[in-house]
Amino acid sequence: MKILIIFLGTSSAIPTETRNHISILLSYKNENILIDCGEGTQRQFRKAKLNPGQITRLLITHFHGDHVFGLPGLFHTLALNNYSKTLYIYGPTGTKKFISEIFKTFIQSKRIKYEVKEVRGRFLETNDFKLIALPLDHDTPINGYLFEEKDVLKRT
């Protein structure tokens, strides 16, 4: 099965004319995993002709603005478009409070269903893949993420 990785943004704290804040979409089978959501991510979805309503999971590496300022807009768009799934949100220590504050501040009505988990180590395993959160060295709590496809026997 193909793993599709779409770089929606690859810039740092200040975007350029050609590079948006960080945001990466990993698509695999029925999963669409968004890694970080910098400001402008919704526009990047449109430019790539992708539907943000297909996102199944969100991985937050850390809380610096260039990685998370797009979240209020994304959550608002999902709510306005009747996002019917549960959005699974994963991040380092502090993620539950951070997400709660976003919803309290920006999304007062018609919320989406979501679950937040603060993760370290292996935190998700399906029949097809594993997700592992690795602590990294930064000036704030931060996770790196490892997506590991399980071995697949190909029969001929």
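Residues numbered from 1 in each chain as written. Predicted model: local features only at pLDDT ≥ 70, side-chain atom pairs only at ≥ 80, totals over all residues. Heavy atoms only, no water.

Asker: For this particular structure, what's the right way to read the environment of Asp-128?
Answerer: Mapped onto the elements of the fold, Asp-128 is located in the loop between β7 (121-125) and β8 (129-135). On a C-alpha basis, the gap between Asp-128 and Ser-23 in space is 24 Å, while along the polypeptide they are 105 residues apart. In this view, Asp-128 contacts Tyr-28, Lys-29, Glu-148, Glu-149 and Lys-150; residues no more than four positions away in its chain are not counted. Here Lys-29 takes part through its side chain, which lies 3.0 Å from a polar atom of the side chain of Asp-128. (Helix = DSSP H or I, 4+ residues; strand = E, 2+ residues; numbered from the N terminus. Contact = heavy atoms within 4.5 Å. Polar contact = N/O pair within 3.5 Å; in protein donor to acceptor, adjacent residues only side chain to side chain.)

Asker: Explanation requested: the packing of helix α3 (residues 71-80) against helix α4 (residues 95-106) in the structure shown.
Answerer: Two numbers describe a pair of packed helices, the interaxial angle and the distance between the axes. Direction vectors running N to C along α3 and α4 enclose 65°, while the axes themselves pass 10 Å from each other. In the packing of α3 onto α4, the handedness of the crossing is right-handed. Residue-level contacts link Leu-71, Pro-72, Phe-75 and His-76 of α3 to Phe-98, Ile-99, Ile-102, Phe-103 and Phe-106 of α4. Of the residues that constitute the contact of α3 with α4, the class distribution is eight nonpolar, one polar and no charged. (Axes fitted to C-alpha atoms, helices over the stretch in contact; angles between N-to-C directions. Left-handed = near helix turned anticlockwise from the far one by under 90°. Nonpolar A, V, L, I, M, F, W, Y, C, P; charged D, E, K, R; others polar.)

Asker: Is there a simple way to explain the pairing of β8 in this structure?
Answerer: Taken residue by residue, a regular strand's side chains alternate between the two faces of the sheet. The buried fraction of β8 is high, at five of seven residues. In this structure, the hairpin formed by β7 and β8 is closed by a connection of three residues. (Buried < 20%, exposed > 50% of the residue type's maximum accessible area, 1.4 Å probe, protein only. Pairing = 2+ DSSP bridges.)

Asker: Just to check I follow, could you spell out the sheet that holds strand β4 (residues 57-59) for this structure?
Answerer: Strand order in the open sheet made by the six strands is β1-β2-β3-β4-β5-β6, with mixed pairing throughout. Strands at the two margins of the open sheet, each flanked by one partner only, are β1 (3-9) and β6 (113-118). Each neighbouring strand pair of the sheet contributes to a mean axis angle of 20°, computed without reference to strand direction. Running at roughly 165° to strand β5 (residues 86-91), α3 makes contact with β3 (31-35), β4 and β5 of the sheet. Strands β5 and β6 of the sheet are contacted by α4, whose axis makes an angle of about 150° with β6.

Asker: Explain a nonpolar patch on the surface to me, please; I cannot follow it from the model alone.
Answerer: On the surface, Ile-3, Ile-5 and Phe-7 cluster together into a nonpolar patch covering about 300 Å² of accessible area. With respect to the helices and strands, Phe-7 occurs in strand β1. (Patch = residues over 30% accessible without salt bridge, like charges linked within 9 Å, V, L, I, M, F, W, Y side chains within 5 Å. Areas by Shrake-Rupley, 256 points an atom, 1.4 Å probe, with all protein chains shown as cover. Salt bridge = Lys/Arg side-chain N within 4 Å of Asp/Glu carboxyl O.)

Asker: Where do I start with the sheet that holds β8 in this structure?
Answerer: Sheet strands pair by backbone hydrogen bonding; their relative direction is either parallel or antiparallel. Taken in spatial order, the three strands of this open sheet run β7-β8-β9, and their pairing is antiparallel. The two strands at the open ends of the sheet, each matched to only one other strand, are β7 and β9 (143-149). The mean angle between the axes of side-by-side strands here comes to 25°, regardless of whether they run parallel or antiparallel. As judged from the seven bridges shared by β8 and β9, these two strands associate in the antiparallel manner. Paired with Pro-135 across the two strands is Asn-143, which belongs to β9.

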